[in-house]
Amino acid sequence: MAKDLSPRLLAIVDALPLRRGMRVLEIGCGPGAMAREIAGRIGDGHVLAIDRSAKAIAQAQAASQAEIGSGRLSLRQVAAEDFELEAGEMPYDIAVAVRVGALDGRHPEAGRRAKRRVAAALTPEGQLFIDGGDPLRRLLLHD
């Protein structure tokens, strides 16, 4: 378990309020190590891992065949500020983003758009967590 996850990412996953059956949106998934770990912890839940990079999505797909095949993980190439639920797609319980410039303050305008998009993709009680706390902090979606 978690053999391909850095200690920092493992601490982030450990800090998430995960429960069985939940739907999780990971923003900026890179090669998918954190998405796979989350998928393994939420039982029959589902993780959608997104990244703006086609290369990252290809790496995640190559390394995540078991999770994708089981239906616990899906991948989509899209930037956070452009993300929308697809027709019939259920909203997510939580979202998590690690080192995503649109959400950590490095790109304020993209951040405003991304926060609106993420808020629209979450359940009414949904929460967004980003790195930068100890090890996480909750980002308010409604100013």
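Quantities reported herein were computed from a predicted structural model and do not represent experimental measurements.

Draft legend 1. Representation of the nonpolar core. Membership of the largest hydrophobic core comes to 23 residues, with the highest contact counts inside it found for Leu25, Ile27, Leu103 and Leu128. The leading source of residues in this core is helix α5 (residues 108-121), at 5 residues. Once residues lying within four places of it in the same chain are set aside, the contact partners of Leu25 are Leu48, Ile50, Phe83, Tyr92, Ile94, Ala95 and Val96. Counting 22 residues, the second largest nonpolar core, distinct from the first, contains Ala33, Ile42, Val47 and Val96.

Draft legend 2. Up close: the layout of surface pockets. Of the pockets and cavities examined, the largest pocket occupies roughly 350 Å³. Along its surface, the largest pocket is lined by 24 residues, and Gly28, Cys29, Asp51, Val98 and Val100 are the ones closest to its centre. Elements represented by at least two residues in the lining of the largest pocket include exactly α1 (7-15), β1 (23-27), α2 (33-41) and β2 (46-51). Looking at side-chain class alone, the lining of the largest pocket contains 14 nonpolar, 4 polar and 6 charged residues.

Draft legend 3. Inspection of the sheet that holds strand β3 (residues 73-77) at higher detail. Sheet architecture is open: 6 strands sit in the order β3-β2-β1-β4-β5-β6, paired in mixed fashion. In this open sheet, the two edge strands, each paired with only one partner strand, are β3 and β6 (136-139). The mean angle between the axes of side-by-side strands here comes to 25 degrees, regardless of whether they run parallel or antiparallel. Relative to β3, β2 is paired through 5 bridges, and the arrangement is parallel.

Draft legend 4. Focus on the pairing of strand β5 (residues 122-131). Of all 10 residues in β5, 7 are buried, a share of seventy percent or more. The pairing of strand β4 (residues 92-97) with β5 spans 5 bridges and is parallel. Looking at the pairing, Tyr92 lines up with Leu122 of β5. Between the parallel elements β4 and β5, the chain passes through α5 in a crossover that is right-handed. Where β5 hands over to β6, the hairpin turn is made up of 4 residues, of which Gly132 adopts a positive phi near 110 degrees.

Draft legend 5. Representation of the environment of Asp44 within the structure. Within the secondary structure layout, Asp44 lies in the loop between α2 and β2. Between the C-alpha atoms of Asp44 and Ala58, which are 14 residues apart in sequence, the distance is 24 Å. Excluding residues within four positions of it along the chain, Asp44 makes contact with Arg20 and Gly21.

Draft legend 6. Geometry of the pattern of salt bridges. If you walk through the whole model with that rule in mind, you get 11 salt bridges. Across the pair Asp93 and Arg19 runs a salt bridge, and its minimum N-O distance is 4.0 Å. Of this pair, Asp93 sits in strand β4 while Arg19 sits in the loop between α1 and β1, and the two are 74 residues apart along the sequence. Among the ionic pairs, Glu37 bridges to Arg41, the shortest N-O distance being 2.9 Å. Note that Glu37 and Arg41 are positioned in helix α2 at a spacing of 4 residues, about one turn of the helix. By relative accessible area, Glu37 is classed as buried at 7%. Among the residues examined, Arg41 registers a relative accessible area of 26% and is labelled partly exposed. One salt-bridge network, in which partners are shared between bridges, spans Asp14, Glu37 and Arg41.

Conventions adopted
Residues numbered from 1 in each chain as written. Predicted model: local features only at pLDDT ≥ 70, side-chain atom pairs only at ≥ 80, totals over all residues. Heavy atoms only, no water. Core = buried A, V, L, I, M, F, W, Y, C linked by side-chain atoms within 4.5 Å. Buried < 20%, exposed > 50% of the residue type's maximum accessible area, 1.4 Å probe, protein only. Helix = DSSP H or I, 4+ residues; strand = E, 2+ residues; numbered from the N terminus. Contact = heavy atoms within 4.5 Å. 1 Å grid on protein atoms, 1.4 Å probe; cavity = no way out; pocket = protein on both sides within 12 Å on 5 of 7 lines; lining within 4 Å. Points joined across faces, edges and corners; volume = space filled by probe spheres on them. Nonpolar A, V, L, I, M, F, W, Y, C, P; charged D, E, K, R; others polar. Pairing = 2+ DSSP bridges. Axes fitted to C-alpha atoms, helices over the stretch in contact; angles between N-to-C directions. Right-handed = clockwise from strand over helix to strand, strands pointing away. Salt bridge = Lys/Arg side-chain N within 4 Å of Asp/Glu carboxyl O.

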